[in-house]
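Tertiary structure, described
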Amino acid sequence: MTARHLVDVHVLLIRDGRLLLSKRRSADEFDGLWHLPAGKLEAGESATAAAVREAAEETGVRLDPADLRHIHTAHVVGSGRDPRLGLFFEARHWTGNPTNREPDRCHELRWFPLDALPDAMIAYPAAGIRAHFTGATYSERGWYADPRK
């Protein structure tokens, strides 16, 4: 049987040295943790089209795919979760003011200074955020016995 991987897209919206994060609302261990606007690729959808769609669905901002810059890819597997590739894009421009458009999935949206991000963040999107600072284009998470890798 061939293993299948989900593809997630994540969007970094950075304005005036601050990053927009959403506080996840869910019935799992991620409830109350901070995350980027993100979601899964749909059938027949390009990665940039998915990033545009997810940003609009979650925050109401409008993006042009040409304004997205791919900054990181993460290959992630977790206990009891499907393996996935996460594609992280920085939005260089957008229109509209971010608002919480999915209150059933998000407690709140908040801007954080890039040098003072919250500790209570989901580790997976944190890899893409770190890439913004380090330039690392690829990471793996959960594939090794050593949790530091």
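See the structure printed just above.
In this report, the structure presented in the accompanying data block is examined. (Residues numbered from 1 in each chain as written. Predicted model: local features only at pLDDT ≥ 70, side-chain atom pairs only at ≥ 80, totals over all residues. Heavy atoms only, no water.)

1. Some thoughts on the pattern of salt bridges
Note the cut-off: Definition used for salt bridges: Asp or Glu carboxyl oxygen within 4 Å of a side-chain nitrogen of Lys or Arg. Numbering of helices and strands runs from the N terminus, with a helix taken as a DSSP run of H or I at least four residues long and a strand as a DSSP run of E at least two residues long. Throughout this description, buried means an accessible area under 20% of the type-specific maximum (1.4 Å probe, protein chains only), exposed means over 50%, and partly exposed covers the range between.
Under the defined criterion, the tally for this structure stands at eight salt bridges. Notably, a salt bridge pairs Glu90 with Arg69, separated by 2.5 Å at the nearest N-O pair. Placement of Glu90 in strand S6 (residues 81–91) and of Arg69 in strand S5 (residues 68–78) is noted, with a sequence separation of 21 residues between them. A relative accessible area of 13% means that Glu90 is categorised as buried. One connected set of salt bridges, linked through shared partners, spans Glu42, Glu45, Arg53, Glu54 and Glu57.

2. Side note on the side chain of Glu45
As a reminder of what qualifies: Each polar contact in these results corresponds to two N or O atoms within 3.5 Å; when the atoms are within protein, one needs to be able to donate a hydrogen and the other to accept it, and residues that are neighboring in sequence are counted only if both atoms are side-chain atoms. Note on contacts: a residue pair qualifies if any of its non-hydrogen atoms lie within 4.5 Å across the two residues.
Inspection of the secondary structure puts Glu45 in the loop between strand S4 (38–40) and helix H1 (47–59). Residue class for Glu45 comes out buried when judged on its relative accessible area of 17%. Of note is the side chain of Glu45, whose polar atom sits 2.9 Å from the backbone nitrogen of Glu42. Leaving out residues up to four positions away in the same chain, Glu45 has contacts with Lys40, Ala50 and Arg53.

3. A few points about unusual backbone geometry
Phi angles above zero are rare outside glycine, and Asp16 is one such case at about 50 degrees. In this structure, Asp16 sits in the loop between strand S1 (6–15) and strand S2 (18–24).

4. Re the nonpolar core
Here is the rule: In this description, a nonpolar core means a group of buried Ala, Val, Leu, Ile, Met, Phe, Trp, Tyr and Cys residues linked to one another through side-chain atoms lying within 4.5 Å.
Counting 19 residues, the largest nonpolar core has Leu13, Leu63, Leu68, Phe89, Ala91 and Trp94 as the members making the most contacts within it. Here the element with the most residues in this core is H1; it accounts for five residues. Not counting the four nearest positions on each side in its chain, Trp94 is found in contact with Leu13, Ile14, Arg15, Val61, Arg62, Leu63 and Trp111.

5. Thoughts on the pairing of S2
In plain terms, the rule: Here, any two strands with at least 2 DSSP bridges between them count as paired.
As paired elements, S1 and S2 share two bridges and run antiparallel to each other. When the sheet's bridge partners are listed, Arg15 is paired in S2 with Arg18. Connecting S1 to the antiparallel partner S2 that follows it, the hairpin turn spans two residues, and Asp16 within it adopts a positive phi of roughly 50 degrees. Pairing between S2 and strand S3 (residues 34–35): two bridges, direction antiparallel. Paired with Ser22 across the bridge in S3 is His35.

6. Some remarks on helix H2 (residues 123–134)
Along an α-helix, a turn takes 3.6 residues, which lines up residues three or four apart on a common side. The condition is simple: Expected helix span is taken as 1.5 Å per residue step, with the number of steps being one fewer than the number of residues.
Taking 1.5 Å of rise per residue, twelve residues should cover 16 Å, and H2 covers 16 Å from first to last C-alpha, within 8% of that figure. Tyr124, Pro125, Ala126, Ala127, Gly128, Ile129 and Ala131 are the residues of H2 that are buried. Contact partners of the buried residues in H2: S1, S2, S3, S5, S6 and strand S8 (138–141). The positive-phi residue at the C-terminal boundary of H2 is Gly135, with phi of around 80 degrees.

7. Focus: the packing of aromatic side chains
To describe a pair of aromatic rings, one takes the distance between the centres and the angle between the planes. Short version of the rule: In summary, the pairing rule links any two rings of Phe, Tyr or Trp, Trp by its six-membered ring, whose centres are within 6.5 Å, and it sorts them by plane angle into stacked for under 30 degrees, edge-to-face for over 60 and tilted for everything else.
Overall, the coordinates contain three aromatic pairs when judged by the stated rule. When the centroid spacing of 6.1 Å and the interplanar angle of 85 degrees are considered together, the rings of Phe88 and Tyr124 count as edge-to-face. With a gap of 36 residues between them, Phe88 in strand S6 and Tyr124 in helix H2 connect regions that are remote in the sequence. The exposure class of Tyr124 is buried, given its relative accessible area of 12%.

In short, shape yes, function no, at least from these values alone.
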